[in-house]
Amino acid sequence: MAFPEPKPRGPELPQKRVKTLDCGQGAVRAVRFNVDGNYCLTCGSDKTLKLWNPLRGTLLRTYSGHGYEVLDAAGSFDNSSLCSGGGDKAVVLWDVASGQVVRKFRGHAGKVNTVQFNEEATVILSGSIDSSIRCWDCRSRRPEPVQTLDEARDGISSVKVSDHEILAGSVDGRVRRYDLRMGQLFSDYVGSPITCTCFSRDGQCTLVSSLDSTLRLLDKDTGELLGEYTGHKNQEYKLDCCLSERDTHVVSCSEDGKVYFWDLVEGALALALPVGPGVVQSLSYHPLEPCLLTAVGGSVHCWREEAYEAEGGTG
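Residues numbered from 1 in each chain as written. Predicted model: local features only at pLDDT ≥ 70, side-chain atom pairs only at ≥ 80, totals over all residues. Heavy atoms only, no water.

Draft legend 1. Summary view of the overall build of the chain. The helix and strand inventory of the chain stands at zero helices and 28 strands. Since a compact globule built from 315 residues should have a radius of gyration of about 20 Å, the 19 Å found for the chain is in line with a globular shape. Dimensions of the chain, computed from C-alpha atoms along their principal axes, come out at roughly 60 × 45 × 45 Å. A burial count over the chain gives 54% of its 315 residues as buried. For the chain, the proportion of contacts with a sequence separation of at least 24, taken over those separated by at least 6, is 43%. When the accessible surface of the chain is summed, it comes to about 13800 Å², and 48% of that surface belongs to carbon and sulfur atoms. (Helix = DSSP H or I, 4+ residues; strand = E, 2+ residues; numbered from the N terminus. Rg over C-alpha atoms; globule rule 2.2 N^0.38 Å. Buried < 20%, exposed > 50% of the residue type's maximum accessible area, 1.4 Å probe, protein only. Contact = heavy atoms within 4.5 Å. Areas by Shrake-Rupley, 256 points an atom, 1.4 Å probe, with all protein chains shown as cover.)

Draft legend 2. Highlighting the pairing of strand β28 (residues 299-304). A large share of β28 lies buried, amounting to six of its six residues. Neither face of β28 is open: one carries S299, H301 and W303, the other V300, C302 and R304, and all of them are buried. As defined by bridge partners, strand β1 (residues 16-22) adjoins β28 across six bridges and the pair is classed as antiparallel. Bridge pairing links R17 to W303 in β28. Here strand β27 (residues 291-296) runs beside β28; their pairing, made up of six bridges, is antiparallel. Looking at β28, one finds that A295 is bridged to V300. (Pairing = 2+ DSSP bridges.)

Draft legend 3. Local environment of the nonpolar core. The biggest cluster of nonpolar side chains holds 16 residues, and the ones touching the most others in it are V251, V259, F261, L273, V275, L283 and L292. At the level of secondary structure, the elements contributing two or more residues to this core comprise β24 (258-263), β25 (269-274), β26 (282-285) and β27. Discounting residues that sit within four places of it in the chain, L273 has contacts with P14, Q15, G257, K258, V259, F261, L292 and W303. Listed in part, the 15 residues of the second largest apolar core include V31, C291, L293 and Y308. (Core = buried A, V, L, I, M, F, W, Y, C linked by side-chain atoms within 4.5 Å.)

Now the structure itself:
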């Protein structure tokens, strides 16, 4: 007879602060893990982008070239390139190793809220308050975008990309999913201005946060409402949300200085993590481990599970 499988451990939530980065770049507008979770990017109101090893707390490089505050950034799958967007309406492609600007794409009529690479890092997608998503070819010398998606009736707050889809949230209260294989656009009306959207890790669901202080989990294919998560405060600012590394918890920034974790299935609040005074503007969840980065003011905090022991003590 076979022995029963050992019961898998319950998910651990990152609630022990193990490192603080004083970023020295004004207000940190966004913090983003790279693809493997070993490094992170911070976007500063002082026009700089910085690359860190967050668990060690070491600054690796500073990228200067934006004309106004940097609002979002992303790393390529192979860690060779970065892209960023900001208040100067520009989308910038960077070489990680040299710190140099490779290309600067202009064409948006307002600040760029959100940037993403496609899977192969051949195209940058940018979403702007000008209500458009623009697709820029990293390998081409052409100055204009290869495609412009302008279905939104108000600013684009969030863009995410899968291997064949673009997910976009807009201030017009709609989540739009462009299926590039089918050549189709699917739209779900939430009603309140959308601040952040993301895919679940298994690709079956989309998570949407909006300015009615509510997060909603939608079935990606049918648009059916699977869950609602409340208790945090989000009425004014564009705040990040995400799912934990195993899709067990919904995670959101809040305007009351905390990060909120809900059980995805039950919908119950699991943890309200006090992060700092003021608005928790941005967060990023590690792709594989219970590790969270949060941005408040000019600092980024790195959080791990209670059992975590840092090499060489905590910082």
